[in-house]
Amino acid sequence: MRILIRTSKWAIWARRLGSFALPLAVIPIFLHRDRLITSADFHIIELVAAGFALLALILAMGAFARLWVTGDQGWARATFGLIFSLICLLPMVFVAWLAFHYPAATDVSTSTGTPLPLVSSTGRMLTTADHAEIEVDFPNARTRSYPIEAGQMFEIVEQLAAANGWEPRARRAPTTPLDTGTFNGIATTLLGWRDEVAVRVQGTPNGSDVDMRSAAMHGWSDLGENGRRIEQFLLALDARITLMLRDAPQTPAPAPETDTGAPAVTEEETPG
């Protein structure tokens, strides 16, 4: 007598849905980065992928429970369904944690009095982070003052912007040591979201001040991306200036002046 061992339908559907959710979550990232789909479409597709991944996770867990009791086949299918669903869901859980951890803001700036202008139209109202929240969450996102002339400082800023892969949109280099230079560029995140970055170099009698602004062009929260970007850029700028000042040739101190006049009269030579 032949005993028929069935394959769990829970395991079958867990793998099917997990196999469908994984490419549905990954492929739109590349399309979003290449601007083949809009951010709104990207958000919708990712939510659909999360729904399928969650369903695959539930089916996989249910399949494990049924397979343990019934002895049916399908352990491999349930395992693949579990793995695929976790690959989709864990990054989404991390994104949800970022949204909970950071304030729901889309605009972060080191200058609250005179914010840097943006050249890109976001088509919506930006949500500015409270300055007290910026100091708590991003303690290094503050105005910098350097003993570097404004023109040279602006060149360094542009070099760092190019190293970060920012797409230039507008620039104005300072023409005098006390002039103001501005740079605007577009930064693309790992998932394809775009933010505009503005950097201002203000010449001062002692060197130059650097302010920075980063604003999201999408969504209701930047997940802390703009604040972290400002911190990373300014810390990299600190390191660059520190190395420059350390390696700069030191101007030798002037030699003390010597009196080349008549020799001083000693006590022994004093007449009488």
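> I tried to follow the pattern of salt bridges on my own but got confused; where do I start?
When the charged atoms of two side chains lie near each other, side chains of opposite charge can form a pair. Counted by the stated rule, this structure contains ten salt bridges. Among the salt bridges present, the one from Asp 195 reaches Arg 229, with a minimum N-O distance of 3.0 Å. Within this pair, whereas Asp 195 is found in strand β5 (residues 194–204), its partner Arg 229 is found in helix α6 (residues 225–247), the two being separated by 34 residues in sequence. Assigned by exposure class, Asp 195 and Arg 229 land together as buried. Between Glu 225 and Arg 229 there is a salt bridge; the shortest N-O distance is 3.6 Å. Taken together, the positions of Glu 225 and Arg 229, both in helix α6 and four residues apart, correspond to about one turn of that helix.

> Looking at this model, I keep getting lost on a nonpolar patch on the surface. Mind explaining?
Taken together, the side chains of Ile 27, Leu 31 and Leu 36 define a hydrophobic patch exposed on the protein surface, amounting to about 280 Å² of accessible area. By secondary structure assignment, the location of Leu 31 is in helix α1 (residues 9–33).

> Would you mind showing me how to read the environment of Leu 118 here?
Position of Leu 118 relative to the elements: it lies in the loop between β1 (107–109) and α4 (131–137). Residue Leu 118 is classed as partly exposed on the basis of its relative accessible area of 24%. Residues Leu 118 and Gly 185, 67 residues apart in the sequence, show an inter-C-alpha distance of 9.3 Å.

> Sorry if this is basic, but what is going on with the packing of helix α2 (residues 39–70) against helix α3 (residues 75–101) here?
For any two helices packed against each other, the geometry comes down to the angle between their axes and how far apart the axes lie. Orientation of α2 relative to α3, taken along the N-to-C sense of each, is 145°, at an axis distance of 8 Å. Along this stretch, α2 crosses α3, giving a crossing that reads as left-handed. Considering only residue class, the contact of α2 with α3 consists of 19 nonpolar, three polar and one charged.

> Any chance you could explain the environment of Gly 207 here in plain terms?
You can see Gly 207 is positioned in strand β6 (residues 207–216). Taking the relative accessible area as the measure of exposure, Gly 207 reaches 10% and is therefore buried. With residues near it in sequence (within four places) discarded, Gly 207 still touches Tyr 146, Pro 147, Ile 148, Ala 150, Pro 177 and Gln 202.

> What's the story with the nonpolar core in this structure? I'm lost.
Note that soluble globular proteins tend to have their nonpolar side chains buried in a common cluster. Among the nonpolar cores identified, the biggest contains 32 residues, and Met 153, Trp 166, Val 210, Met 212, Phe 233 and Leu 237 are the most heavily contacted of them. Mapped onto this core, the elements with two or more residues apiece are α5 (150–163), β4 (180–188), β5, β6 and α6. Those residues in contact with Met 212 that sit more than four places away from it in its chain are Val 108, Ser 109, Thr 110, Leu 116, Trp 166, Val 197, Ala 198, Val 199, Arg 229, Ile 230, Phe 233 and Leu 234. Formed by ten residues, the second largest nonpolar core is a distinct cluster that contains Ala 11, Leu 17, Ala 60 and Leu 82.

> Before we go on, may I ask you to explain the layout of surface pockets in this structure?
In this approach, a probe sized like a water molecule rolls over the atoms, and the result shows the empty space that is left. One number sums up the size of the largest pocket: a volume of about 970 Å³. What lines the largest pocket is a set of 32 residues, and nearest its centre among them are Pro 91, Val 95, Leu 191, Trp 193 and Leu 223. Of all the secondary-structure elements, those providing two or more residues to the lining of the largest pocket are α1, α2, α3 and α6. Looking at side-chain class alone, the lining of the largest pocket contains 22 nonpolar, five polar and five charged residues. In this structure, the second largest pocket occupies an estimated 240 Å³ of space. Every residue lining the second largest pocket is counted, 13 residues in all, and those nearest its centre are Asn 164, Trp 166, Glu 225, Arg 229 and Gln 232. Ranked by residue count, the leading element in the lining of the second largest pocket is α6, at six residues. Broken down by class, the residue content of the lining of the second largest pocket amounts to five nonpolar, five polar and three charged.

The rules behind the values
- Residues numbered from 1 in each chain as written.
- Predicted model: local features only at pLDDT ≥ 70, side-chain atom pairs only at ≥ 80, totals over all residues.
- Heavy atoms only, no water.
- Salt bridge = Lys/Arg side-chain N within 4 Å of Asp/Glu carboxyl O.
- Helix = DSSP H or I, 4+ residues; strand = E, 2+ residues; numbered from the N terminus.
- Buried < 20%, exposed > 50% of the residue type's maximum accessible area, 1.4 Å probe, protein only.
- Patch = residues over 30% accessible without salt bridge, like charges linked within 9 Å, V, L, I, M, F, W, Y side chains within 5 Å.
- Areas by Shrake-Rupley, 256 points an atom, 1.4 Å probe, with all protein chains shown as cover.
- Axes fitted to C-alpha atoms, helices over the stretch in contact; angles between N-to-C directions.
- Left-handed = near helix turned anticlockwise from the far one by under 90°.
- Nonpolar A, V, L, I, M, F, W, Y, C, P; charged D, E, K, R; others polar.
- Contact = heavy atoms within 4.5 Å.
- Core = buried A, V, L, I, M, F, W, Y, C linked by side-chain atoms within 4.5 Å.
- 1 Å grid on protein atoms, 1.4 Å probe; cavity = no way out; pocket = protein on both sides within 12 Å on 5 of 7 lines; lining within 4 Å.
- Points joined across faces, edges and corners; volume = space filled by probe spheres on them.

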